[in-house]
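Residues per chain, in single letters:
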Amino acid sequence: MKLTPKLNLDNLLEGCRAGDRKAQELLYKQTAPKMMVVCMRYARDRMEAEDILQLGYIKVFGKISEFRSAGSLEGWIRRIMVNTAIESYRRNLRMMNIVPITENEEQIAADFDFSRMGMQVLLKLIQGLSDGTRVVFNMYVMEGFSHQEIADSLGISAGASKSQLSRARAVLKQEIIKMEGIDYATYTG
Amino acid sequence: MQHIQDKEFDQRLRDQFENSEIELPASSWSDLEHVLHLQKKRGALYRRRWLVAASVLLLSSLGAYMSYYASHQVISKERLALNTSTRQERSTVVENKEKVITERVDSNNPDLPVRGRISLAPTVEVGKAESEKSDIEAQPVIPMKEEIMLSSLQPSSDIARHVDNKTLYKPDKLAFLQASNEISLETDSGVEDADQQRGIRNVGDLVNYVVDKVDKRAEKILKFKTDDDNSSLIAINIGMLKLNQKKQK
């Protein structure tokens, strides 16, 4: 008999709070595949994503007693993953190539058929963005941070955050057009 | 032709990733478990290191305190020795002076009391001076300032002549009480001094002192026997483990 997901998560939560390794394993196996997608969006490659995932889960199991059952456990874990990814980005900031942003990127207006693109393809495109651009894009588009919050978190100006986002959109659109060909994107200009 | 707006583009991207999952390798959990295990071990080691550091700090503090206390004890002992020798010297001086006074008074007027002796033992009369000398010797010597003592001991024949015999013969009760109080206080403080001088002589004394402050139970968590300079553990009371010295009848 299969237990309901909610009840299952509650049981796992209690076990994890008690430091039960089996409960931790079950929670990991239940949530990690979704969290891996989050990590993949922030990382340059799969290896980096796995590192972020591992670091994130170490934090999750270390801080699980702080989790209040009022919210969603999955949302809480996701937040930890995002924070871990941002920390990782900040830690590696010195090693990263700073790509100069040119303002007023040429606006590409096209109709994209995302349904015919796989998630893996989109992930590849996002991972192809420069590090700063990728982090800003993820934070703004995927997590819903404001430009000011991104600026505070990454230590940049809100204007720089906007520029990075604009750049990310432009690059992604261009890449989608390239990959899908004329069949999937229609130029307007 | 349909133009796609930024917001719509973002939304479509979000939709693509919603509820998506990526399969993880089978070793993923075992790798994480290994890291968690190492972290736990490291945490225990870290805690142990902190414990050792705290113990070292505590022991060094105790050592510093003990050396400080010991140096103060040496100083106080030296002071005590100095005071004792000064008192002995003074008492010798007093005895000599008393002899002289008694002799002088005896020769002049044997009925008059000796004023100098009144300050020490107010009830002593001239005639009994020699007989009670031994009693005075037995009493602890009251430290007095040299000039006051000498002036009080000087037999002034002029004063002696002008003093009313009645007042002199009446025992000064107040003076007697004050003097006796002083003597008794001196004696008590002497006993207390002796107790304090014993003080903390070794680690056992120190542990007993600290445990006494912390543990108010009859059977202390730790108790050391410190009769001699060495100390030995004689009692432990840690819940289930209880070891106590046999009560002496």
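Values in this document were obtained by computation on a predicted structure and should not be read as measured data. Counting restarts for each chain, with residues numbered from 1 along the sequence as it is written. The order in which chains are written sets their letters, starting at A; the order in which ligands are written sets their numbers, starting at 1. Per-residue local features of the predicted model are confined to residues with pLDDT of at least 70, and side-chain atom pairs are confined, for both listing and counting, to 80 or more; whole-chain, interface and lining totals are unaffected and use all residues. Side-chain calculation: all heavy atoms of the structure are included, whereas hydrogens and water are not.

S.K.: Explanation requested: the overall build of chain A in the structure shown.
M.R.: When helices and strands are tallied, chain A shows eight helices and zero strands. Counting helices and strands in the order they occur from the N terminus, chain A gives α-α-α-α-α-α-α-α. Summary of the burial criterion: residues with accessible area below 20% of their type's maximum are buried, those above 50% are exposed, and those between are partly exposed, where the area comes from a 1.4 Å probe applied to protein chains only. By residue count, 48% of the 189 residues in chain A fall in the buried class. Restricting to contacts in chain A with at least 6 residues of sequence separation, those with at least 24 account for 69%. The protein chains shown are the only cover counted for residues, whose accessible areas, like all others here, come from Shrake-Rupley with a 1.4 Å probe. Surface summary for chain A: the accessible area is close to 9800 Å², and the carbon and sulfur share equals 50%. The helix count covers DSSP runs of H or I at least four residues long, the strand count covers runs of E at least two residues long, and both are numbered beginning at the N terminus. Any two residues whose heavy atoms approach within 4.5 Å at even a single point are treated as in contact.

S.K.: What should I look at first to understand the overall build of chain B in this one?
M.R.: Helices and strands together make up the secondary structure of chain B, namely nine helices and three strands. The helix and strand sequence of chain B, counted from the amino end, reads α-α-α-α-α-α-α-α-α-β-β-β. Considering chain B as a whole, with its 249 residues, one finds that 22% of them fall into the buried category. Taking all contacts inside chain B whose residues are at least 6 apart in sequence as the whole, residues at least 24 apart take part in 51%.

S.K.: Before we go on, may I ask you to explain the side chain of A:Arg134 in this structure?
M.R.: Residue and element names in this part refer to chain A. Along the chain, the position of Arg 134 falls in helix α6 (residues 131–142). At a separation of 2.5 Å, a polar atom in the side chain of Arg 134 contacts the side chain of Asp 131. When neighbours within four sequence positions are excluded, Arg 134 is seen to be in contact with Arg 41, Tyr 42, Ala 43, Arg 44, Ile 126, Gln 127 and Leu 129. Any pair of N or O atoms that falls within 3.5 Å is considered a polar contact. Within protein, one atom must be able to donate a hydrogen and the other to accept it, and sequence-neighbouring residues count only if both atoms are side-chain atoms.

S.K.: So what exactly am I meant to see when it comes to the pattern of salt bridges here?
M.R.: What counts as a salt bridge is simple: a side-chain nitrogen of Lys or Arg found within 4 Å of a carboxyl oxygen of Asp or Glu. All chains considered together, the criterion is met by 15 salt bridges over all chains. A salt bridge links A:Glu14 to A:Arg17, with the shortest nitrogen-to-oxygen separation between them at 3.3 Å. With A:Glu14 and A:Arg17 both in helix α1 (residues 5–17) and three residues apart, this pair spans about one turn of that helix. Among the residues examined, A:Glu14 registers a relative accessible area of 48% and is labelled partly exposed. Residue B:Asp10 pairs with A:Arg169 through a salt bridge whose shortest N-O separation is 2.6 Å. You can see B:Asp10 sitting in helix α1 (residues 6–17) and its partner A:Arg169 sitting in helix α8 (residues 158–180), one on each of two chains. Per residue, the accessibility class of B:Asp10 equals that of A:Arg169, and both read buried.

S.K.: Would you explain empty space enclosed by the protein in this entry?
M.R.: One way to see where empty space is left: roll a probe the size of a water molecule over the atoms. All names here are of chain A. With a 1 Å grid laid over protein atoms only, a set of points is called a cavity when a 1.4 Å probe fits there but cannot get out and a pocket when it is open yet has protein on both sides within 12 Å along at least five of seven lines; lining residues have an atom within 4 Å of a point. Grid points are joined across faces, edges and corners, and a volume is the space filled by probe spheres set on the points. Applying the stated rule across the entire model yields two cavities of 30 Å³ or more. One number sums up the size of the largest cavity: a volume of about 50 Å³. Those elements giving two or more residues to the lining of the largest cavity turn out to be α3 (46–63), α4 (73–91) and α6. Think of it as three bins: nonpolar holds Ala, Val, Leu, Ile, Met, Phe, Trp, Tyr, Cys and Pro, charged holds Asp, Glu, Lys and Arg, and polar takes everything else, Gly as well. Tallied by class, the residues present in the lining of the largest cavity amount to six nonpolar, one polar and three charged. Formed jointly, the lining of the largest cavity draws a minimum of three residues from each of two domains, domain 1 (5–95) and domain 2 (114–180). Source of the domain bounds: an automatic or database domain assignment.

S.K.: Looking at this structure, I do not really get the environment of B:Ile200. What am I missing?
M.R.: All names here are of chain B. Counting through the fold element by element, Ile 200 comes out in the loop between α8 (173–198) and α9 (203–214). Judged by its relative accessible area of 14%, Ile 200 falls in the buried class. Sequence-wise, Ile 200 and Ala 70 are 130 residues apart; in three dimensions their C-alpha atoms are separated by 8.1 Å. Contact partners of Ile 200, with chain neighbours within four places excluded, come to Tyr 69, Gln 73, Asp 205, Leu 206 and Tyr 209.

S.K.: Explanation requested: the packing of α6(A) against α1(B) in the structure shown.
M.R.: Each axis is a line fitted through C-alpha atoms, and for a helix only the stretch in contact is used; angles between axes span 0 to 180 degrees, taken between their N-to-C directions. In contact at an axis separation of 10 Å, α6(A) and α1(B) are set at 90° when each is read in the N-to-C sense. When the interaxial angle is binned, α6(A) and α1(B) end up roughly perpendicular. On the side of α6(A), the interface is formed by A:Phe137, A:Tyr140, A:Val141 and A:Met142, while α1(B) contributes B:Asp10, B:Leu13, B:Arg14 and B:Phe17. In the contact of α6(A) with α1(B), the residues fall into six nonpolar, no polar and two charged. Note on angle classes: values under 35 degrees are labelled roughly parallel, values over 145 roughly antiparallel, values of 65 to 115 roughly perpendicular, and the remainder oblique.

S.K.: I would appreciate a short explanation of the interface of chain B and chain A in the present structure.
M.R.: When the parts come together, some accessible area is lost, and that loss is often what is quoted as the size of the interface. Tallying the contact residues gives 29 residues for chain B and 43 residues for chain A. Buried area is understood as the total, over both parts, of accessible area removed when two parts are fitted together, assessed with a 1.4 Å probe. Among the residues of chain B in contact with chain A, B:Phe17, B:Ile22 and B:Trp29 are the three that bury the most area, contributing 23% of the side total. Linking chain B with chain A are three salt bridges. Between A:Lys173 and B:Asp6 there is a salt bridge whose closest N-O contact spans 3.1 Å. In terms of residue class, the side of chain B that touches chain A is built from 12 nonpolar, eight polar and nine charged.

S.K.: Before we go on, may I ask you to explain the UniProt feature "transmembrane region" (unreviewed entry) in chain B in this structure?
M.R.: UniProt positions are given in the numbering used here, feature names are shortened, and annotations may be inferred rather than shown by experiment. As recorded in UniProt, the feature "transmembrane region" (unreviewed entry) lies at residues 50–70 of chain B. Helix makes up 100% of residues 50–70 of chain B and strand makes up 0%, while its end C-alpha atoms are separated by 30 Å.

S.K.: Just checking my understanding: could you explain α3(A) for this structure?
M.R.: Because the α-helix completes a turn every 3.6 residues, residues three or four places apart line up on one side. The length a helix should cover is 1.5 Å for every residue beyond the first. Between its first and last C-alpha, α3(A) extends 25 Å over 18 residues, near the 26 Å set by a 1.5 Å rise per residue. Listed in full, the buried residues belonging to α3(A) are A:Glu48, A:Ala49, A:Ile52, A:Leu53, A:Gly56, A:Tyr57, A:Ile58, A:Val60 and A:Phe61.

S.K.: Looking at this model, I keep getting lost on the packing of aromatic side chains. Mind explaining?
M.R.: The geometry of an aromatic ring pair is captured by two quantities: the separation of the ring centres and the angle between the planes. Any two rings among Phe, Tyr and Trp, with Trp reduced to its six-membered ring, count as a pair given centres within 6.5 Å; such a pair is stacked if its planes are under 30 degrees apart, edge-to-face if over 60, and tilted if neither. All chains considered together, the criterion is met by seven aromatic pairs over all chains. With centroids separated by 6.3 Å and ring planes inclined at 85°, the aromatic side chains of A:Phe61 and B:Trp29 adopt a geometry described as edge-to-face. Of this pair, A:Phe61 sits in helix α3 while B:Trp29 is found in helix α2 (residues 27–108), placing the two residues in two different chains. Comparing A:Phe61 with B:Trp29 shows no difference in burial state: the two are buried. Ring pairs connect the aromatic residues A:Tyr28, A:Tyr57, A:Phe61 and B:Trp29, which therefore count as one cluster. By definition, being over a ring means that NZ of Lys or CZ of Arg is both within 6 Å of the ring centre and within 35 degrees of the ring normal. Above the plane of the ring of B:Phe17 lies A:Arg41, whose end atom (NZ or CZ) is 5.7 Å from the centre. Lying over the aromatic face of B:Phe9, A:Lys173 brings its terminal NZ or CZ to 5.1 Å of the ring centre.

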